[in-house]
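Examination of the molecular architecture
Listed below, chain by chain, are the residues.
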Amino acid sequence: MKGVPILIAVALLVTSTSYGQQQQPPQQNGQQPNGAPPSGSPIEPRPRDLAPGGRANTPAQNIVAVPVPVAPPRPNGPIQKSLVRITATEVAPDYRAPWNAGMLGRGIGAGFVIDGNRIMTNAHVVSNSRYLTVERDGDPNKYPAKVLFVAHDCDLALITVDSPNFYKNMLALKFGGIPELESTVSAYGYPIGGERMSVTTGIVSRIDFQLYTHSSIDQHLAIQISAQINPGNSGGPVMQNTKVVGVAFQGYSGDVAQGVAYMVPTPVINRFLKDVSKGRYDGYVDLGITYGKLQNPAQRKFLGLKDDGRGVLVETVVAAGPCAKILRPGDVLLSIDNHPIASDGNVELEGERVEMPEVVERKFKRDNVKFDIWRDKQSTSGSVQLDNVPPYLMQSHRYDVRPRYVVYGGLLFQPLSLDLLEAYQPQDLRLRHFFDFYVNDEIYLEHPDVIVLTNILPDPINTYLAPYRGSIVDSINGKKIHTMDELSQTLAEPADRLVIDLIGDGPPLVLDPKQVESARERIKMRYNVVREQNLQEQPTAKAPDLQTKI
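Being a predicted model, the structure only gives us computed values, none of them experimental. (Residues numbered from 1 in each chain as written. Predicted model: local features only at pLDDT ≥ 70, side-chain atom pairs only at ≥ 80, totals over all residues. Heavy atoms only, no water.)

1. Side note on the sheet that holds strand β6 (residues 156-161)
Heads up, the condition is: A pair of strands is treated as paired once DSSP finds two or more bridges between them. Secondary structure is summarised from DSSP: a helix means a run of H or I of at least four residues, a strand means a run of E of at least two, and numbering begins at the N terminus for each. Lines are fitted to the C-alpha atoms to define the axes, a helix being fitted only along its stretch in contact, and any angle between axes, read from their N-to-C directions, falls within 0 to 180 degrees. Contact definition: two residues touch when any of their heavy atoms are within 4.5 Å.
Taken in spatial order, the 6 strands close into a barrel running β1-β2-β3-β6-β5-β4, and their pairing is antiparallel. Geometrically, the sheet is characterised by an average inter-axis angle of 40 degrees between neighbouring strands, direction not taken into account. Pairing between strand β3 (residues 118-121) and β6: 3 bridges, direction antiparallel. When the sheet's bridge partners are listed, Ile 119 is paired in β6 with Ile 159. Each of β2 (103-114), β3, β5 (143-151) and β6 is contacted by helix α2 (residues 266-276), which is oriented at about 60 degrees to β6, the strand it contacts most.

Here it is as structure tokens:
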């Protein structure tokens, strides 16, 4: 389910600190651990117990050695034979100078072996990566790895190592179910760049829908745990009774909340594995609606509903979503796939009360979902074929693609996106409105691309155009501009002058095409613009063995 990108939690990488077996008490004066003197030393008489006054108690009591506690066996087995340390060399796109390759970085994460000689980890561990290496316990080698599948909407990925020796003596982990509240779980990984396995233990404190910060738009089932997490834990398994019950993936920084971490639960993991089993990842489907609770008795009476505690009110329906054909604002959803919907938006699913979108979360592209609907005080029903909702992508983070842009006369035009807002931090309220209401106000129908004049590369031909920075393009020479392709084509058409109308008040921006052409090479050389435009979100260049299969 997609969420409104209001708060963006800091995506901390999740696992734990290692605890070995309990230490033996220190030996003092050469004694053996059980309190006996060392072999070969003289046996000295033990003093009798003394009373508080210093006088000996009579009769003397027998002195019994206290047994040393023995650490219990590890509850989850030999995790070292399943856990791996992942090092990713990444290049993040540069939205302020999109013709550049971007900034080089290096990150550490964790992963674990599953069946089929595959390694599961988080998508954010391998995103924008150019080179991956994997290390395993007791082996000094770093093995090159490649990405098999990546799911940015649920922050999961599968990678593998081609070396035939890598999986020797490695153990594939099995998956369990959803752990119970207050039950104990253990998280494993390599926090803060450590080279040795770390483990922390905590309890399951909440099971709920949460925002997945990697995409910053998707909401899925997530499990909150109290195990301590730090950067470098991401992708590690969270285990209970030798089974994986989740993948550690995000948490809060200390100034927001302490002891709060999240793991991707097994229903999300199993859906991801089933989706990629056909050789590609289609991603999560979505209803493309928003709805509200119907707990107000007066409102229920106004709508003609029974006093049975059922139904939620449809507030918006995305025109590009699958439900646009059968639903409209003001409808009341009474059931979904024969699961009655309570007035608080919950349904009974597999013996648990969960939020209504969880029914859709477990479905795939082209699956059907059925609704019982209350409309105009009459009952009706209908079904839809589920699909993705493309307009939501504008409000999500993008990975492994090059930014789209056009440079013309030193003017940099780019489509509005979440990554663009984070790069420029604009204060213009119009831009915020176009971003926040892009889906609900159906702005995408008129502006599939909200084209923004993001920057100006100073040159004599554009000296006085700085006030136009941050404006949204409406038309050029009277022709409405809807997409980046149309922008590029219109700028290339012969004209005596270019009159660019921008949304809002103020005069249009005017350029002389002849001056632009004469300054073209000068601007490219001065600002190292190796390529003047990129119109497609093409995958970033990778080595042949690192191609992502999506």
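2. Considerations on the environment of Val 450
For clarity, the threshold we go by: We call a residue buried when its accessible area falls under 20% of the maximum for its residue type, exposed when it is over 50%, and partly exposed in between, using a 1.4 Å probe and counting protein chains only.
Summarising the element assignment, Val 450 is placed in the loop between α6 (429-436) and β23 (451-456). With a relative accessible area of 2%, Val 450 lands in the buried category. As a C-alpha pair, Val 450 and Met 394 span 56 residues in sequence and 9.5 Å in three-dimensional space.

3. With respect to α6
What counts here: Here, the arc refers to the directions that run from the helix axis to the C-beta atoms. Pairs of N or O atoms within 3.5 Å make up the polar contacts considered here, provided that, within protein, one atom can donate a hydrogen while the other can accept it, and that residues adjacent in sequence are counted only when both atoms are side-chain atoms.
Taken together, the buried positions of α6 are occupied by Leu 431, Phe 434 and Phe 435. Axial view of α6: buried residues confined to an arc of 100 degrees, hence all on one face. For α6, the N-terminal capping position is held by Asp 428, with its side-chain oxygen 2.7 Å away from the main-chain nitrogen of Arg 430.

4. Section: the nonpolar core
Rule in force here: Among buried residues, those of type Ala, Val, Leu, Ile, Met, Phe, Trp, Tyr and Cys that are joined through side-chain atoms within 4.5 Å constitute a nonpolar core.
Counting residues in hydrophobic clusters, the biggest one holds 52 residues, and the most contacted among them are Phe 413, Leu 416 and Leu 487. The residues contacting Leu 416, other than those within four sequence positions of it, are Met 394, Leu 421, Leu 431, Phe 434, Phe 435, Val 450 and Val 452. Of all hydrophobic cores here, the second largest spans 35 residues; its members include Leu 83, Ala 110, Tyr 188 and Tyr 281.

5. What about the environment of Asp 372?
Tracing the backbone through its elements, the reader meets Asp 372 in strand β19 (residues 368-375). Here Asp 372 falls in the partly exposed class, since its relative accessible area comes to 26%. Between the C-alpha atoms of Asp 372 and Pro 340, which are 32 residues apart in sequence, the distance is 8.9 Å. Every residue in contact with Asp 372, bar those within four places of it in the chain, is listed here: Val 332, Leu 333, Leu 334, Ser 335, Thr 380 and Ser 381. Side chain to side chain, Asp 372 and Ser 335 meet in a polar contact 2.6 Å long.

6. A word on unusual backbone geometry
Its identity as a non-glycine residue notwithstanding, Arg 366 has a phi of 75 degrees, on the positive side. Looking at the secondary structure, you find Arg 366 in the loop between α4 (357-361) and β19.

7. Some thoughts on the side chain of His 397
Checked against the element boundaries, His 397 lands in the loop between β20 (378-385) and β21 (405-408). Residue His 397 is classed as buried on the basis of its relative accessible area, which comes to 12%. Among the polar contacts listed, one links the side chain of His 397 to the side chain of Asp 419, at a separation of 2.9 Å. Beyond its immediate chain neighbours, meaning those up to four positions away, His 397 contacts Thr 213, His 214, Ser 215, Ser 216, Leu 418, Asp 419 and Glu 422.

8. Thoughts on the packing of aromatic side chains
Stated precisely, the cut-off is as follows: Pairing of aromatic rings covers Phe, Tyr and the six-membered ring of Trp, with a centre-to-centre limit of 6.5 Å; geometry is then stacked below 30 degrees between planes, edge-to-face above 60, and tilted otherwise. Whether a charge sits over a ring depends on NZ of Lys or CZ of Arg being within 6 Å of the ring centre and within 35 degrees of the ring normal.
The full count for this structure, using the stated rule, is 7 aromatic pairs. Geometrically, the ring pair formed by Phe 166 and Tyr 167 is edge-to-face, given 5.0 Å between the ring centres and 90 degrees between the ring planes. With respect to burial, Phe 166 and Tyr 167 carry one shared label: buried. Relative to Tyr 281, the ring of Phe 272 lies with its centre 5.7 Å away and its plane at 65 degrees, an arrangement referred to as edge-to-face. Look at Phe 272 and you get buried, because its relative accessible area is 1%. Connected via pairs of aromatic rings, a cluster forms that spans Tyr 143, Phe 166 and Tyr 167. A cation sits over an aromatic face here: Arg 271 above Tyr 284, 4.1 Å from the ring centre.

9. Regarding the sheet that holds strand β26 (residues 498-502)
Spatially, 4 strands are ordered β25-β24-β26-β27 in an open sheet, and the strand pairing comes out antiparallel. Two strands in the sheet have a free side with no partner beyond their single neighbour: β25 (479-480) and β27 (509-511). In the sheet, strand β24 (residues 473-476) pairs with β26 via 3 bridges, with the strands oriented antiparallel. Along β26, the bridge assignment pairs Ser 475 with Asp 501. Most of the contacts of helix α7 (residues 484-492) go to β24, to which it runs at about 35 degrees, and overall it touches β24, β25 and β26.

10. Overview of the environment of Gly 292
Following the sequence through the fold, Gly 292 ends up in strand β13 (residues 289-293). Counting along the chain gives 19 residues from Gly 292 to Gly 311, while the straight-line C-alpha distance between them is 9.4 Å.

11. Concerning the pairing of β23
Counting buried positions over the 6 residues of β23 gives 6, a clear majority of the element. Of the strand pairs in this sheet, strand β22 (residues 411-415) and β23 are connected by 5 bridges, and their pairing is antiparallel. If you follow Gln 414 over to β23, its bridge partner there is Val 452.

12. Notes on α2
Taking burial as the measure, the 11 residues of α2 include 8 buried ones, the bulk of the element. Where α2 is concerned, the buried positions are Thr 266, Val 268, Ile 269, Arg 271, Phe 272, Leu 273, Asp 275 and Val 276.

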